[in-house]
Each structure stands twice: as C-alpha cells, then as structure tokens.
Amino acid sequence: MGIDGTARFILDLDTNGTNYPSNALTLIDNLPPELQVTEVTSGRWSSAFDHVQAFVEYSTNNGSSYTAFGAAVDYNSNITFTAPAANITNVRWRFQYDPDGIAPFTYV
C-alpha cells in the first residue's frame, strides 16, 4: 500500500549563538527512493548573515555526482527550482561567505 499526495519537508538550520555563517558549510538531504521530488527551494537565513551565497545541487545516483540547479543563489533569495529529474536521490546546499562584504565578493 502506497501513499498518494503531496508533502513539504523543511530543513531548519538554527545558527543563532554560533560562529556561522561558515564558509564551506555543506548540508545534504538523502531522500528515500519512494519520494518523487518536484521542487526544491533555496531557502532563507538570518538577516544578520549578509554576503552569503549557496549552490543548490541534486543527485540522481545516491550522491556519486551532483548537478547544480543553476547559478549560486544569493542571501535570502528563497528561489524555487523545478526538479529536472523524477529520480532525485539527494539535495545538497554548499554555502559560501564573504566576511568583508566588499564587492567584488571573494567567498574564500
């Protein structure tokens, strides 16, 4: 017996009281094969963390390789990406932070 319908899963990373945003922070969601991903949202984070960007990527082979949904997304963009494949097995966010906040941003 299967489940038919739609669900929304939200990853909540609370960085209050820490030294984040961390450069080179990576978050990975491993998805069960029973789920069919239709959209992924880049998300939002605290307004105290300017000069942050993230690469939002997906895998269809259990994390052996990743493909970017597009260019890096900027701070608080909350962009929704349409899933380009029906068999997404992992979603990965790779964050970068530019501590001086002066353009051109260096994210090192």
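Higher on the page you've got the structure.
Residues numbered from 1 in each chain as written. Predicted model: local features only at pLDDT ≥ 70, side-chain atom pairs only at ≥ 80, totals over all residues. Heavy atoms only, no water.

**Quick look at the side chain of E57**
Summarising the element assignment, E57 is placed in strand β3 (residues 52-59). Polar contacts involving the side chain of E57 include one to the side chain of R92, which spans 2.6 Å. Engagement of the side chain of E57 in a polar contact is seen with the side chain of R94, the distance being 2.8 Å. When near neighbours in sequence (up to four residues on either side) are disregarded, E57 contacts Y66, T67, A68, F69, N90, V91, R92 and R94. (Helix = DSSP H or I, 4+ residues; strand = E, 2+ residues; numbered from the N terminus. Polar contact = N/O pair within 3.5 Å; in protein donor to acceptor, adjacent residues only side chain to side chain. Contact = heavy atoms within 4.5 Å.)

**Side note on the packing of aromatic side chains**
This structure, assessed with the given rule, holds two aromatic pairs. A centroid spacing of 4.9 Å and a plane angle of 50° characterise the contact between Y58 and F69, whose relative ring orientation is tilted. In this pair, Y58 sits in strand β3 while F69 sits in the loop between β4 (67-68) and β5 (73-74), placing the two residues eleven residues apart along the sequence. Each member of the pair Y58 and F69 is classed as buried. Here F69 and F81 contribute two aromatic rings whose centre-to-centre distance is 5.1 Å and whose plane-to-plane angle is 20°, an arrangement assigned as stacked. Placement of the pair is F69 in the loop between β4 and β5 and F81 in strand β6 (residues 80-82), with a sequence separation of twelve residues. F81 sits in the buried class, given a relative accessible area of 12%. Put simply, the rings of Y58, F69 and F81 pair up and form one aromatic cluster. Between the NZ or CZ atom of R92 and the centre of the ring of Y66, over which it lies, the distance is 3.8 Å. (Phe/Tyr/Trp six-rings, centres within 6.5 Å; stacked < 30°, edge-to-face > 60°. Buried < 20%, exposed > 50% of the residue type's maximum accessible area, 1.4 Å probe, protein only. Lys NZ or Arg CZ within 6 Å of the ring centre and 35° of its normal.)

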